Amino acid sequence: MILFLVVAFILVLGMYSYRSSTSKKSKRIPKDLHNLLLANVLFYEKLKTESQRKLFRERVYTFLKETYIEAVGFNLEDIDIVLVAASAVIPVFYFKDWTYSNLATVLLYPDYFNKELNYTEGARNIGGLVGTGRFNDQVILSRKALHHGFSNKTDKSNTGIHEFVHLIDMLDGDTDGIPSVLLSNTYLIPWLDLIHKGMEAINNDQSDIRAYGGTNQQEFFAVAAEYFFERPELLKVKHPDLYKMMELCFLGKK
Ligand SMILES: [Zn+2]
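Parameters at a glance
Residues numbered from 1 in each chain as written. Predicted model: local features only at pLDDT ≥ 70, side-chain atom pairs only at ≥ 80, totals over all residues. Heavy atoms only, no water. Helix = DSSP H or I, 4+ residues; strand = E, 2+ residues; numbered from the N terminus. Buried < 20%, exposed > 50% of the residue type's maximum accessible area, 1.4 Å probe, protein only. Polar contact = N/O pair within 3.5 Å; in protein donor to acceptor, adjacent residues only side chain to side chain. Phe/Tyr/Trp six-rings, centres within 6.5 Å; stacked < 30°, edge-to-face > 60°. Lys NZ or Arg CZ within 6 Å of the ring centre and 35° of its normal. Expected span 1.5 Å × (residues − 1). Arc of directions from axis to C-beta. Contact = heavy atoms within 4.5 Å. Donors = N, O, S within 2.8 Å, 3.2 Å for Na, K, Ca; no water. Tetrahedral: all angles 85-135°; square planar, octahedral: opposite > 155°, others 65-115°. Salt bridge = Lys/Arg side-chain N within 4 Å of Asp/Glu carboxyl O. Lys, Arg positive; Asp, Glu negative; His and termini not counted.

Colleague: I would appreciate a short explanation of the environment of Asn152 in the present structure.
Modeller: Within the fold, Asn152 resides in the loop between helix 6 (143-151) and helix 7 (159-170). Note on Asn152: relative accessible area 25%, which makes it partly exposed. When the C-alpha atoms of Asn152 and Glu230 are compared, they prove to be 9.3 Å apart, with 78 residues separating the residues in sequence. Separated by 3.0 Å, the side chain of Asn152 and the backbone nitrogen of Thr154 make a polar contact.

Here it is, written out as structure tokens:
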């Protein structure tokens, strides 16, 4: 019996050290959070009061305590962690006590990847996706796309935010562009109307909303959310009704 226990212990120890030597999973929290956020995340820079910024940092801490970040093929830097957390916090910043109950790990690849998750060769144009099947409870992001989303502040595009908006959309069981956790049923008809008119304008080449939003309802919602968080003033001028709906969703303004 004792021998069995000793053998079992050695086996468990062996498995543990094997995992920790091959896995690059991290729950590290960067030390200089304020300065990293200030220098790289416009949403944080634009928060007007120190108490709002403190709240944002607390949300980042909470997210990082709950979520593994795993780098594949490169060494994770503090800035990578900060940008992943900012992508997660921005869409739900105005919601108290938010947790992503459908997320365990964010997997970071160094570059754009393809459907087979190859990030080194061939045609690769995927910057991010919400995992399904064996990748359930995971978001997969290209590090390059993630950084590009935050460094280009005028293109109304942000891959990190886009994928987390899909996760929010998914929380009611359907990824359909109708985020029932954010929007009450009262707004269903006007929201669907806005989606369909918006998609039609995109597909007729009569919109400044990113073309990918014309793909389907869920992509329209995610792309509109990127626009809302990246260029809110412009969205308000160009698409006032859509802006109001995004306010309802993400600012909880009724
Ligand atoms: Zn998408």
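Having put the structure on the table, let's press on.
Colleague: For this particular structure, what's the right way to read the packing of aromatic side chains?
Modeller: For any pair of aromatic rings, the description consists of the separation of the ring centres together with the inter-plane angle of the planes. In total, this model carries 20 aromatic pairs according to the counting rule given. Taking the ring centre of Tyr68 as reference, the NZ or CZ of Lys27 above it sits at 4.4 Å. Positioned above the aromatic ring of Tyr44 is the side chain of Arg53, whose terminal nitrogen or guanidinium carbon lies 5.5 Å from the ring centre.

Colleague: What should I look at first to understand helix 4 (residues 50-66) in this one?
Modeller: Since the α-helix turns once every 3.6 residues, residues separated by three or four places project in the same direction. The first and last C-alpha atoms of helix 4 sit 24 Å apart over 17 residues, in line with the 24 Å expected at 1.5 Å per residue. The set of residues buried in helix 4 consists of Arg53, Phe56, Arg57, Arg59, Val60, Phe63 and Leu64. Down the axis of helix 4, the buried side of the element spans an arc of 155°, and every buried residue falls inside it. Pointing more than 90 degrees away from the buried face of helix 4 are the exposed residues Ser51 and Lys65. The secondary structure elements touched by the buried residues of helix 4 are helix 2 (33-40), helix 3 (42-46), strand 2 (68-71), helix 5 (78-89), strand 3 (105-109) and helix 7.

Colleague: What am I meant to see in the coordination of the zinc ion here?
Modeller: Tetrahedral coordination by four donors sets the ideal angle at the metal to 109.5 degrees; octahedral coordination by six donors sets it to 90 or 180 degrees. The zinc ion binds to the protein through His162 (NE2), His166 (NE2), Glu219 (OE) and Glu219 (OE), with metal-donor distances spanning 2.0 to 2.6 Å. Bound by four donor atoms, the zinc ion shows angles of 54 to 143° at the metal and therefore irregular coordination geometry. Judged by its relative accessible area of 4%, His162 falls in the buried class.

Colleague: So what exactly am I meant to see when it comes to the pattern of salt bridges here?
Modeller: Once their charged atoms are close, side chains differing in charge can pair, the charge on each being opposite to the other. Using the criterion set out here, one finds eleven salt bridges in the structure. A salt bridge links Lys46 to Glu233, with the shortest nitrogen-to-oxygen separation between them at 3.7 Å. Of this pair, Lys46 sits in helix 3 while Glu233 sits in helix 10 (residues 232-238), and the two are 187 residues apart along the sequence. Looking at Lys46, the relative accessible area reads 39%, which means it is partly exposed. Glu233 sits in the exposed class, given a relative accessible area of 52%. One salt bridge in this structure joins Glu77 and Arg143, with 3.8 Å as the shortest N-O distance.

Colleague: Would you mind showing me how to read the side chain of Glu230 here?
Modeller: Among the secondary structure elements, Glu230 is positioned in helix 9 (residues 217-230). Arg231 provides the closest opposite charge to the buried, salt-bridge-free Glu230, at an N-O distance of 7.7 Å. In contact with Glu230, not counting residues within four places along its chain, are Gly149, Asn152, Lys153, Asp155, Lys156, Ser157 and Asn158.

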